[in-house]
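Listed here are the chains, written in short residue letters.
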Amino acid sequence: MVLPLAALLWEAKKDGAQGFWQAISNPDAIAALKLTFGAAIVVVLINGVLGTITAWVLVRDDFRGKSVVNSVIDLPFALPTIVAGLTLLALYGPDSPVGIHVAFTRAAIVLALCFVTLPFVIRTVQPVLIELDVEMEEAARSLGAGQLTVFRRVVLPNILPGILSGSVLALARALGEIGSLVLIAGATVHDTVASIYVFNLIQDGESSDAAAVAMVLLAAAFVLLLAVGVLRFYVTRHERA
Amino acid sequence: MPRRIVLRGVALLYLLVVLLAPLAMVFYRTFENGLEPVWQALSDPLTVHAFEITLIAAAIAVPLNTVFGVLCALAIVRRRFRGKGLLNAFIDLPLAVSPVVVGLALYLLYGRTGWFGPWLQGHGINVLFALPSIVLATIFVSVPFVAREVIPTLRELGNEQEQAAATLGATRWQRFWRITLPSIRWAVIYGVILTTARCLGEYGAVAVVSGRIEGKTETATTRVDDLVQNFQTSGAYAISVVLALIAVAVLILMTLTKPKEEAL
């Protein structure tokens, strides 16, 4: 693991700082990085909200088939990403039976990233919600707090670390995703995400430019992992004390 | 309570639109002309070969990463050493970093102008665009799963039982096989399932290093891509359905073996 990453660093630095900056500040590279970070942030917001709602439904609600729904959440972890891309292409591509054709647009990128990052927030919020004492909410309600106040003042502070760490993991995943995107958003050379941009550079033999953009993705991954570590440290502060 | 129904509706609709409806569509498209074309597509020798490559890579990567994962978990939980934090962070890296970046790193190491490439080629060993690079890429991306599952279980377990066994004269091996391993076995199994799923489904890193030569270094996932690009969609759907069925089997196994304590 260490050696390949060292080789990557070496290749990125081979052309010196100037070459590195040139590769990064290439308009196509900037566009790709912007699109990647933009789409990833949009997706994380969508999954942050809908993931929290889904986690709440899975813990507090009760309906037929709930356990099946609960198992289905992990599907994006188990399904190969290329298959995920193909499923989206089948339903939302040119042959769409429902008349929604978003393939090769930014909506497709967001859709694919929503698919692959769906479980993260749900799976970090769910255990916290299970542990959370319902009595605390009842106490707040008996003291006259409305539904919204209870959620905002009692539930949210407790599950926020879970939402955040799930979101950070999802962000890391979304930034590096390629498999689900190549089929539904990969045909265009320009206006594509960073991972596909890097992939195309490698295919063209421009490995030092590829390494430079890859370094940006690697650095982002490191920072996000660090953020998860800090969050984990913060969450367990009571247990460690 | 209407609010409850609304939230339930929102959650289920989201799952349907993003997850279930697309998956159902692939199954429909695959079987809309009956079983015959599916069987034909799957018995294409190139497709069979692609599945073989995928299985070989998984068969090497899964046992290696299982042993490595358990050792790493034991080291991280039970021992104190310099660089422990670093090891802990490094294990997670494949989860966060793009598979393309992993592929590029291997490419630079073993390529024609890479660090090891020329030497290996001089000795008649081709790593890049051959099976070894596919195996390496698969190993790299599936490193974290076993360790990630075993670490929280080991923490929970504590080491009193092992100490008790040690005072009764059990050797290190005896303690591992008789006490530690049986206690963490479900976490290990769960980790192995996740590792296997990741190995079979890897695309990005393999796509970079394998060269995707039809009938030689194509894996099941890269073949799906190539078939779609060549407008042979029925073949792509057939492979996808097989991979999706494996994923469903993995889900069922995961539900059955999931450790009760869900850790962050």
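Computed from a prediction, not measured in an experiment: that's the story for all the values here. (Residues numbered from 1 in each chain as written. Chains lettered and ligands numbered in written order. Predicted model: local features only at pLDDT ≥ 70, side-chain atom pairs only at ≥ 80, totals over all residues.)

**Examining the domain arrangement of chain B**
Many structure descriptions define interface size as the accessible area lost when the parts assemble. Structurally, chain B comprises domain 1 (1-28) and domain 2 (44-257). Taking only C-alpha atoms into account, the centre of domain 1 of chain B sits 32 Å from that of domain 2 of chain B. (Domains from an automatic or database assignment.)

**So, the interface of chain B and chain A**
In this complex, chain B contributes 57 residues to the contact, which on the side of chain A involves 61 residues. When residues of the side of chain B that touches chain A are traced back to their parent elements, those giving at least two are α1 (2-31), α4 (84-96), α5 (99-110), α10 (172-201), α11 (204-210), α12 (220-229) and α13 (233-257) of chain B. Among the elements that take part in the side of chain B that touches chain A, α1(B) stands out by supplying 16 residues, more than any other. In terms of residue class, the side of chain B that touches chain A is built from 44 nonpolar, seven polar and six charged. (Contact = placed C-beta atoms within 7 Å. Helix = DSSP H or I, 4+ residues; strand = E, 2+ residues; numbered from the N terminus. Nonpolar A, V, L, I, M, F, W, Y, C, P; charged D, E, K, R; others polar.)

**Description of the packing of helix α11 (residues 194-203) of chain A against helix α12 (residues 207-235) of chain A**
All names here are of chain A. Between α11 and α12, the shortest axis-to-axis distance is 8 Å and the interhelical angle comes to 160 degrees. Considering the angle they form, α11 stands roughly antiparallel to α12. Note on packing geometry: the crossing formed by α11 with α12 is left-handed. Only Ser207, Asp209, Ala210, Val213, Ala214 and Leu217 of α12 make contact with α11, whose side of the interface consists of Ala194, Tyr197, Val198, Leu201 and Ile202. Partitioned by chemical class, the residues of the contact of α11 with α12 number nine nonpolar, one polar and one charged. (Axes fitted to C-alpha atoms, helices over the stretch in contact; angles between N-to-C directions. Parallel < 35°, antiparallel > 145°, perpendicular 65-115°, else oblique. Left-handed = near helix turned anticlockwise from the far one by under 90°.)

**What about the packing of helix α3 (residues 45-78) of chain B against helix α7 (residues 131-141) of chain B?**
Residues and elements named next belong to chain B. At a minimum axis separation of 9 Å, α3 and α7 run at an interaxial angle of 45 degrees. The angle between α3 and α7 falls in the class oblique. Pair α3 / α7 crosses with right-handed handedness. Contacts between α3 and α7 involve Ile53, Ile56, Ala57, Ala58, Ile60, Ala61, Leu64 and Asn65 on the former and, on the latter, Leu131, Ile134, Val135, Thr138 and Ile139.

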